[in-house]
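A structural walkthrough
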Amino acid sequence: MHFGVIGAGQMGGGIAQVAAQSGFDVTVQDVQQEFLDRGRATIQKSLSKLHEKGRLSSTPDEILGRIRFTTELTAFAGCDLVVEAIVENQQVKAGLFRQLGEVVKPDGILASNTSSIPITSLATASGRPERFIGMHFMNPVPLMQLVEVIRGYQTSDATAQFVTETAERMGKTPLSCNDFPGFVSNRILMPMLNEAIQCVMEGVAEPEAIDGIMKLGMNHPMGPLTLADFIGLDTCLSIMEVLHRGLGDDKYRPSPLLRKMVQAGLLGRKSGQGFYRY
Ligand code: CAA
Ligand code: NAD
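Residues numbered from 1 in each chain as written. Chains lettered and ligands numbered in written order. Predicted model: local features only at pLDDT ≥ 70, side-chain atom pairs only at ≥ 80, totals over all residues. Heavy atoms only, no water.

1. Regarding the overall build of the protein
Under the convention used in this document: Starting at the N terminus, helices and strands are each numbered in turn, a helix being any DSSP run of H or I of at least four residues and a strand any DSSP run of E of at least two. The quantity called the radius of gyration is restricted to C-alpha atoms. Its globule counterpart is 2.2 Å times the number of residues to the power 0.38. Burial classes: relative accessible area under 20% of the type maximum marks a residue as buried, over 50% as exposed, and values in between as partly exposed (1.4 Å probe, protein chains only). Only heavy atoms matter for contacts: two residues are in contact if any of them lie within 4.5 Å across the pair. Exposure was quantified through the Shrake-Rupley algorithm and a 1.4 Å probe, taking into account, for residues, occlusion by the shown protein chains and nothing else.
Within the protein one finds 11 helices and eight strands. The C-alpha radius of gyration of the protein comes to 19 Å, within 12% of the 19 Å expected for a compact globule of 278 residues. Taken along its principal axes, the extent of the C-alpha atoms in the protein is 55 × 45 × 30 Å. A total of 278 residues make up the protein; the buried ones form 50% of that total. Relative to all contacts within the protein whose residues are 6 or more apart in sequence, the contacts with residues 24 or more apart total 67%. Of the roughly 13,100 Å² that the protein leaves accessible, carbon and sulfur atoms contribute 52%.

Now the structure itself:
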C-alpha cells in the first residue's frame, strides 16, 4: 500500500508515523522543507519513546526509512490513499483537493483528517466524491485508539470499507458517523473546551483550578484548557466557527477570549504559549 499524507504538523506527522509502523510505504508532503524537517524530528522522538517501551515490531530506523518527505504534490500520483492534514480552513482544503483530484491516480482514495469541515463539500472539490471520505485521527495519533470515519453524501460503500480496513491495519478502532458539523467527536468535545475558556474569561476560577476540577472530578486525562492548548487554539476556534455556522445555535458561539488569544498569536503548545507556557 502506498499511503500519502499532506501536512507534516502534529496530526500529519502522527498519521505518517503510524502508517509506516504498519508497514505501508508513506509519502509526506508539506509546503516548506523546514516543516518537513520538524515533522521528521517529532516522528523520530516518538518512535524512540515507543521503542524504549518495546512497543514497536521493527526498529525506528526501519520505520522512518519507509517515509519519504517531499514538497512536491506530484509525489502522490501513485498513492492508493491520501490523507490530508493541513490547516483547518475550508477554502484552503478545497483548493488543495481540487489540485489533488487531478494528480492522484483515478482509483486512488482521498481522505480528510478535518476536525469539522463538511466532508461533502471537500468531496465535491476533489472531483471524485465516491472515493472521498473523512478519516479523523485523534491527537496524539500514536497513542489514541479512535479513527472517526465520516461518510460524505456520495461516499461509496467500497471506499468506506477500504478506509475502515486500513484503520484496522493501523491498529486503530474505526467508528462511523454521518457528515454533520463537528461530526460526533468535536460536536461534543469542543463546546466543553469553549465553556472552560468562558469560565476563565468570567473569572470563575484560575486555569489550574478549572483543569484540576475536571481532571480529578471527572477523571479526564487532561483538563480542558490543557487539552485546548494541546489541540491548538487556532484549530479550536475554527471548529467552533464551523459548529456555530453549521448548527446555528448560540450555544456554539466561540468564546471572545478564545478569539482574542488566537488574534494575539497565542495558539497553545505549538506557539509556546496559550493558557500555559511551554
Ligand atoms: N508518541 C510516543 N509517546 C508519547 C507521545 C507520542 N506522540 N505522547 C506522549 N507520549 C508518551 C509520554 O512521553 C509518556 O511517556 P513516559 O511514560 O515514558 O514519560 C507517556 O506517553 C504517557 O504520557 P504522559 O505521562 O505525558 O501522560 P498521560 O499518561 O496523560 O498520557 C495522553 C498522555 C495519552 C496524551 C493523555 O494525556 C490523554 O489521553 N490526553 C487526552 C488526549 C485527547 O483527548 N485527545 C483527543 C483530542 S481531540 C482530537 O484529537 C480531535 C480533534 O479534531 C481536535
Ligand atoms: P498543524 O498546524 O500542527 O499542522 C499543519 C501542517 O500543514 C503544517 O505543517 C503546515 O505547514 C501544513 N500545511 C498548511 N497548508 C498546507 C498545504 N497547502 N499543503 C501542504 N501542507 C500544508 O495542524 P494539526 O494540528 O496537525 O491539524 C491538521 C488538521 O488535523 C486540521 O484539519 C485539524 O483540524 C485536524 N485535527 C487536529 C487535531 C489536533 O488535536 N490538533 C486532531 C484531529 C484533527
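2. Notes on the confidence of the model for the protein
Heads up, the condition is: pLDDT: the predictor's confidence for each residue, scored from 0 to 100.
Across the protein, the average pLDDT comes to 98, with 100% of residues at or above 70. Taken together, the chains of this predicted complex give a pTM of 0.98 and an interface ipTM of 0.97.

3. A word on the pattern of salt bridges
Cut-off, in case you're wondering: Salt bridges are counted wherever a side-chain nitrogen of Lys or Arg sits within 4 Å of a carboxyl oxygen of Asp or Glu.
Considering all chains together, one arrives at eight salt bridges under this definition. Between Lys105 and Asp80 there is a salt bridge, and its shortest N-O distance comes to 2.8 Å. Taken together, the residues span a long stretch of sequence, with Lys105 in the loop between helix H4 (90-103) and strand E5 (109-112) and Asp80 in the loop between strand E3 (67-70) and strand E4 (81-84) at a distance of 25 residues. With a relative accessible area of 26%, Lys105 lands in the partly exposed category. Across the pair Lys93 and Glu84 runs a salt bridge, and its minimum N-O distance is 2.4 Å. Among the ionic contacts, a cluster of salt bridges with common partners joins Glu84, Glu88 and Lys93.

4. Overview of the site of ligand 2
Applicable threshold: If a single non-hydrogen atom of a residue is within 4 Å of a molecule or strand, that residue counts as near it. Any pair of nitrogen or oxygen atoms within 3.5 Å is treated as a polar contact; in protein, a donor-acceptor pairing is required on top of that, and neighbouring residues in sequence qualify only through side-chain atoms on both sides. The residue classification treats Ala, Val, Leu, Ile, Met, Phe, Trp, Tyr, Cys and Pro as nonpolar and Asp, Glu, Lys and Arg as charged. All others, Gly included, are polar.
Near ligand 2 you find 23 residues, and of these Met11, Asp30, Glu88, Lys93 and Ser115 are the closest. Take Ile231: an N or O atom from its main chain is 2.9 Å from a nitrogen atom of ligand 2. If ligand 2 stood free it would expose 830 Å²; the protein chains cover 86% of that surface. Contributing elements (two or more residues each) for the shell around ligand 2: helix H1 (10-21) and strand E6 (132-137). Considered class by class, the residues forming the shell around ligand 2 number nine nonpolar, 10 polar and four charged.

5. Considering the environment of Ile210
Take Ile210: it is sitting in helix H8 (residues 207-218). Spatially, the C-alpha atoms of Ile210 and Asn178 are 33 Å apart, while their sequence positions differ by 32 residues. Residues contacting Ile210, with those up to four places away along its chain left out, are Ala196, Cys199, Val200, Ala205, Pro224 and Leu225.

6. Remarks on the UniProt feature "domain: 3-hydroxyacyl-CoA dehydrogenase C-terminal" (unreviewed entry) in the protein
This is how it is decided: UniProt positions are given in the numbering used here, feature names are shortened, and annotations may be inferred rather than shown by experiment.
Sites flagged by UniProt as "domain: 3-hydroxyacyl-CoA dehydrogenase C-terminal" (unreviewed entry) map to residues 182-278. Helix makes up 63% of residues 182-278 and strand 0%, whereas the separation of the span's terminal C-alpha atoms amounts to 28 Å.

7. Describing the environment of Ala41
Topologically, Ala41 is positioned in helix H2 (residues 33-52). Between the C-alpha atoms of Ala41 and Glu206, which are 165 residues apart in sequence, the distance is 34 Å.

8. Quick look at helix H7 (residues 185-202)
As a reminder, the rule being used: The length a helix should cover is 1.5 Å for every residue beyond the first.
With 18 residues, H7 extends 26 Å from end C-alpha to end C-alpha; this agrees with the ideal 26 Å at 1.5 Å per step. Residues Ser185, Asn186, Met190, Leu193, Asn194, Ala196, Ile197 and Gln198 constitute the buried set of H7. Gly203 sits one or two residues past H7 and shows a positive phi near 75 degrees.

9. Topic: the sheet that holds E3
The condition that has to hold: Should DSSP find at least two bridges between two strands, the strands are taken to pair. Each axis is a line fitted through C-alpha atoms, taken for helices only over the stretch in contact, and angles between the N-to-C directions span 0 to 180 degrees.
One open sheet accounts for eight strands, arranged E3-E2-E1-E4-E5-E6-E7-E8; its pairing is mixed. The sheet is open, and its two borders are formed by E3 and strand E8 (173-178), each paired with just one other strand. Along the sheet, successive strands turn relative to each other by an average axial angle of 25 degrees, direction set aside. When E6 meets strand E7 (residues 146-151), the two strands line up antiparallel, connected through five bridges. Note that in E7 the partner of Phe137 across the bridge is Val147.

10. Details of helix H5 (residues 119-126)
Our working definition: Arc definition: it is the arc formed by the directions from the helix axis to the C-beta atoms.
Taken residue by residue, H5 has Ile119, Leu122, Ala123, Ala125 and Ser126 as its buried positions. Projected down its long axis, H5 shows its buried positions confined to an angular sector of 160 degrees, all on one face. Residues of H5 that are buried make contact with H4, E5, E6 and E7.

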